[in-house]
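Residue-level structure breakdown
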Amino acid sequence: MLLSKVTWLHSTGHSDTHSVVNAGIKPITLVLSACTGIDDIAEAITLLELNNWDLVAAINGVIPQENGILQRRVNQVQAVPAAPPAAPAASSSSSSSSSAFCPALPSRHIVERQPRMLNFRVEYRQRTVEVVIEEGSVIGEIKQILETELQVPVSKMQLKGWKSGDLSDSIVLQSLHLPKNNSLYVLTPEITPTASTSQNSVLQESLNQNFLLVISHREAQRDYNLNFPGSRTIQEVKRNVSDLINIPVRHQQWEGWPASASDSMTLAASGISYPCHHLGVCRRSSPANTREPTEECADVHMVSDSEGDDFEDASEFGVDESEMFGMGTSTGSRKAPLMPENTENEVDALMHFTAEFTTRYGECHPVFFIGTLEAASQEAFYGKARDRKLLAIYLHNDESVLGNVFCSQMMCADSIVSYLSQNFITWAWDVTKEANKARLLTMCTRHFGSVVAQTIRTYKTDQFPLLLIVMGKRTSNEVLNVIQGNTTVDELMMRLMGAMEIFTAQQQEDIKDEDEREAREMVKREQDEAYQLSLEADRKKREAQEREQAEQLRLQQIQKEADDEKEAIRLSLEHALPPEPADEGGEPISKLRIRTPSGEFLVRRFLGSTKLKVLFDFVASKGYPWEDFKLLTTFPRRNITQLDPASSLLEAKLFPQETLFLEAKE
């Protein structure tokens, strides 16, 4: 279409461009605009001036010529040979000035501009790797370099630190517009640990887990749901269970433990099921009956002999009637004491008491508290008001003729056992031995005062057993009742219920006072929390303002340093520029007009032999560094900044004059 318009000009007798000039400037610019699509009259006039008002030459300068197109291959720094020119029909009639403006490319190599290099500082655990790579590379190439340096597979590697978030390996670095220096870091969450590390971590995790043991007590036909940490040993579990079922560890017979488990193993290492494991326990048969085990414990996987089998309880050999009432002790086997003499540990003494009591009088008896008298008092008196109970202290004496009757008929009665278990914390002690009695009096004096100790001293041996009912009060503990051994089940129940009525009335008052106190404390706590939240909000607001001010100062300082650095570079380039040559000289002069993005023109003369580097420095000295701006010719449109900076203005075809314009890089 453009060539047909040029042909029309020739057919109308305008082949002589001077005749067109004589016809007036405006018709020529209109024709040039019609042929090239240039709407700016001033730009059209400038183009005509550059071609000495040769219309055909100006048109040929605008129309893209085959020999004027530079093909650039991305990411390839090499010379590109120019194809032999095939001049179009319109260019055949161009004047000498047109060839000066848009010449055919010489048959030589064009050296492209060196690509920009990017520096990456990559951190991985305790290592730091420096990577220098071309801007035209992709992210995957960085990972390949890191794979060699860190010995980490690319598939297991996550490269973090990009400002725009996670990026795919196929993205070209040039499209990210990165600064020259960058910092990244590598994550490897999918790398599996070694087998030993994995096993240790699994074992450690199991030790921290809680195991639910559902233990079925065969004789009592009762199930216990107990939680134990994985670090607890099987031996410790058996000792704790003995307090519940009143069967010493040496007499326990278990089923359900793994065949490979031993008492010294922890629950985590024993191989039991997680989170719940079912077990069964019963009393092991006596030596006389070991030939035929009971049906309930026929399927036994493991028997605990951790505490030895050197002796059996006296109950396994039977107790005659004379012994039941404390008589006839000179013949037959003597009963083992409920509590050993001069025991150093109260807990061990009470465990022995519970086990021996069960051996003598059976499984149905009150649940005795295993712990010191102080711990029992804490459990009964010093919890929340709704959870408090009465403390029943049972004092036994084997030398009393009432001992066996009271224990077997009163303490083991179902109604008494149930009532004590629901409403009392029951603690027991054996005062048969003088050393144990003296220790009891010392404990009572320490916790309840000398009055209680003196009361116990007043009772004679034949008045035992004693059951002391103690109620906790705000200032001191009070003994509500002392029940002697010469009583009946009904009388015992009535006296327990009477003590419970007194305790309940006191408990209701304590609950009311506690609720009011908690309400006051809650209001005060809410006020304190609101005040603290207000202080915290003010503090955060103040810190946010301080951070914002500090950040503004920091950004201003960074901007000032950057501006100072740019200004220093600009001044350095300005001082390094060669002097501007005069209009008349021996060497060819090239006059360049450079239009800035603001519309201003930078005009300067250069020697034709001046390198493009000098031109770039001149533009940078005016505040337009060539790293951020590209220098383009008008017609044809060429990116001068892509040419070799070592080329001269003559080689770049910027002679004798040229109009260029600056454009910011994307």
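What you see is a predicted model, and the numbers here were worked out from it, not measured in a lab.

Structural notes on the pattern of salt bridges
Enumeration according to the criterion identifies 25 salt bridges in this entry. The partner of K630 in a salt bridge is E663, and the shortest N-O contact between them spans 3.4 Å. Here E663 lies in strand β19 (residues 657-664) and K630 lies in strand β18 (residues 629-633), a separation of 33 residues in the sequence. The structure contains a network of salt bridges with shared partners spanning E536, R539, E543 and R547.

Examining the nonpolar core
Counting residues in hydrophobic clusters, the biggest one holds 58 residues, and the most contacted among them are F357, L391, W427 and L496. If near-sequence neighbours (up to four positions away) are discounted, W427 is found in contact with L350, F369, G371, T372, L373, A376, L391, A392, I393, Y394, L440 and M443. In terms of nonpolar packing, the next biggest core, distinct from the first, is built from 21 residues, L577, L592, F616 and L643 among them.

Some details on the sheet that holds strand β3 (residues 117-124)
The mixed open sheet is built from four strands, whose spatial order is β4-β3-β6-β5. Bordering the open sheet on either side are β4 (127-134) and β5 (158-160), each of which pairs with just one other strand. When strand polarity is set aside, the average angle formed by the axes of neighbouring strands in this sheet is 30 degrees. As defined by bridge partners, β5 adjoins strand β6 (residues 181-187) across three bridges and the pair is classed as antiparallel. Bridge pairing in β6 links K160 to Y185. In the packing of helix α7 (residues 139-150) onto the sheet, contacts are made with β3, β4, β5 and β6, and the angle to β4 comes to roughly 140 degrees.

Observations regarding the sheet that holds β18
In a beta sheet, neighbouring strands pair by backbone hydrogen bonds and run either parallel or antiparallel. Strand order in the open sheet made by the four strands is β17-β16-β19-β18, with mixed pairing throughout. The open sheet has two free edges, formed respectively by β17 (601-607) and β18, since each of these has just one partner strand. In this sheet, adjacent strand axes meet at a mean angle of 30 degrees when their direction is disregarded. As paired elements, β18 and β19 share five bridges and run antiparallel to each other. Bridging from a neighbouring strand, K630 pairs with E663 of β19. Contacts from helix α19 (residues 612-621) reach β16 (589-595), β17, β18 and β19 within the one sheet, and its direction differs from that of β17 by about 150 degrees.

Some thoughts on α7
With twelve residues, α7 ought to run about 16 Å at 1.5 Å a step, and its terminal C-alpha atoms sit 16 Å apart, in line with that. Turning to α7, the residues buried within the fold contact β3, β4, β5 and β6. One or two residues past the end of α7 sits Q151, with phi positive at roughly 60 degrees.

Some details on the environment of P465
The residue P465 is located in the loop between α17 (450-458) and β14 (466-472) in this model. The spatial distance from the C-alpha of P465 to the C-alpha of Y394 is 7.3 Å, given a sequence separation of 71 residues. When sequence neighbours within four positions are dropped, the list of residues in contact with P465 reads Y394, L395, H396, S400, L402, G403, F406, I483, Q484 and G485.

A short note on unusual backbone geometry
With the exception of glycine, the majority of residues adopt a negative phi angle, and the majority of peptide bonds are in the trans configuration. The omega torsion of the bond from F464 to P465 falls at 0 degrees, within 30 degrees of zero and hence cis. With an omega of 0 degrees, the peptide bond between F655 and P656 qualifies as cis. Among the structural elements, P656 can be located in the loop between β18 and β19. One non-glycine residue, Q221, lies in the positive phi region at around 50 degrees.

What about the packing of helix α13 (residues 373-381) against helix α16 (residues 434-448)?
Closest axis-to-axis distance for the α13/α16 pair is 10 Å, and the angle between their directions is 35 degrees. Crossing angle aside, the handedness with which α13 passes α16 is right-handed. Contacts between α13 and α16 involve L373, E374, S377 and F381 on the former and, on the latter, M443, C444, H447 and F448. Here the residues of the contact of α13 with α16 sort into five nonpolar, two polar and one charged.

So, α19
Summarising burial for α19: nine of the ten residues are buried, a large majority. Taken residue by residue, α19 has L612, V614, L615, F616, D617, F618, V619, A620 and S621 as its buried positions. The elements touched by buried residues of α19 are α18 (489-576), β16, β17, β18 and β19. G623 occupies a position one or two residues after α19 and carries a positive phi of about 95 degrees.

Reading the values: rules and limits
Residues numbered from 1 in each chain as written. Predicted model: local features only at pLDDT ≥ 70, side-chain atom pairs only at ≥ 80, totals over all residues. Heavy atoms only, no water. Salt bridge = Lys/Arg side-chain N within 4 Å of Asp/Glu carboxyl O. Helix = DSSP H or I, 4+ residues; strand = E, 2+ residues; numbered from the N terminus. Core = buried A, V, L, I, M, F, W, Y, C linked by side-chain atoms within 4.5 Å. Buried < 20%, exposed > 50% of the residue type's maximum accessible area, 1.4 Å probe, protein only. Contact = heavy atoms within 4.5 Å. Pairing = 2+ DSSP bridges. Axes fitted to C-alpha atoms, helices over the stretch in contact; angles between N-to-C directions. Expected span 1.5 Å × (residues − 1). Left-handed = near helix turned anticlockwise from the far one by under 90°. Nonpolar A, V, L, I, M, F, W, Y, C, P; charged D, E, K, R; others polar.

Shape is all these values report; function is a separate question.
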